[in-house]
Amino acid sequence: MAASPAPRSQNPLPRLRPLHLIEGSLSARKIERQAPWLAGLHRISSGALVGLGVTMLGLSALTLHWQNQWAHSFAQLQASKTLEHRMQESSALLEQHHLSLVRRPGLLEPTSSEKLIHLPEPHSNRPRAALPLLAGFQLRAIPAGY
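Rules and cut-offs
- Residues numbered from 1 in each chain as written.
- Predicted model: local features only at pLDDT ≥ 70, side-chain atom pairs only at ≥ 80, totals over all residues.
- Heavy atoms only, no water.
- Helix = DSSP H or I, 4+ residues; strand = E, 2+ residues; numbered from the N terminus.
- Buried < 20%, exposed > 50% of the residue type's maximum accessible area, 1.4 Å probe, protein only.
- Areas by Shrake-Rupley, 256 points an atom, 1.4 Å probe, with all protein chains shown as cover.
- Phe/Tyr/Trp six-rings, centres within 6.5 Å; stacked < 30°, edge-to-face > 60°.
- Patch = residues over 30% accessible without salt bridge, like charges linked within 9 Å, V, L, I, M, F, W, Y side chains within 5 Å.
- Salt bridge = Lys/Arg side-chain N within 4 Å of Asp/Glu carboxyl O.

The next subject is the overall build of the protein chain. Across its full length, the protein chain holds three helices and zero strands. Relative to its full complement of 146 residues, the protein chain shows a buried share of 2%. Working note: accessible area of the protein chain is about 15,300 Å², and carbon and sulfur atoms make up 64% of it.

Here it is, written out as structure tokens:
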């Protein structure tokens, strides 16, 4: 007796290409034929997602730039605070030194109006002209503490 071939199932599965299921379900042409309004909605949502992605990339770049600027400004603030503290310490030391000299009156020479020397006010040269691009702007002095 010859061996009979193995029984086959009633519904043989056709050999499918890989990703055939995904290609068929996401086919724009098939959806556009069946529901044109759904295809339009798909295009709008895809465009909105691309726009949001680009916007997020732009905002991320701006955030990194602003954080870098803030860190640089904060470092400058810390340096200025350190310099201000040193200046206050120096002025306190000078004040203590002058106060210690006042306690010993023999070290200081008394002043009188005859010993004062009056110097003429220094003549200032022409004020420097601003750069041509900045000539149109009116520059104001920045108040102390800012």
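After that view, the rundown keeps rolling.
Per the counting criterion, the structure on display carries one aromatic pair. Plain terms: the ring middles of tryptophan 70 and phenylalanine 74 are 5.1 Å apart, the flat faces sit at 10 degrees to each other, and that makes the pair stacked. Of the two residues, tryptophan 70 and phenylalanine 74 are both situated in helix H3 (residues 36-103); the distance of four residues between them amounts to about one turn of the helix. A relative accessible area of 57% places tryptophan 70 in the exposed class. For phenylalanine 74, a relative accessible area of 38% corresponds to the partly exposed category.

Before going further, it helps to examine a nonpolar patch on the surface. Taken together, the side chains of Met56, Leu59, Leu62 and Trp66 present a nonpolar region at the surface, about 430 Å² in accessible area. Following the sequence through the fold, leucine 59 ends up in helix H3.

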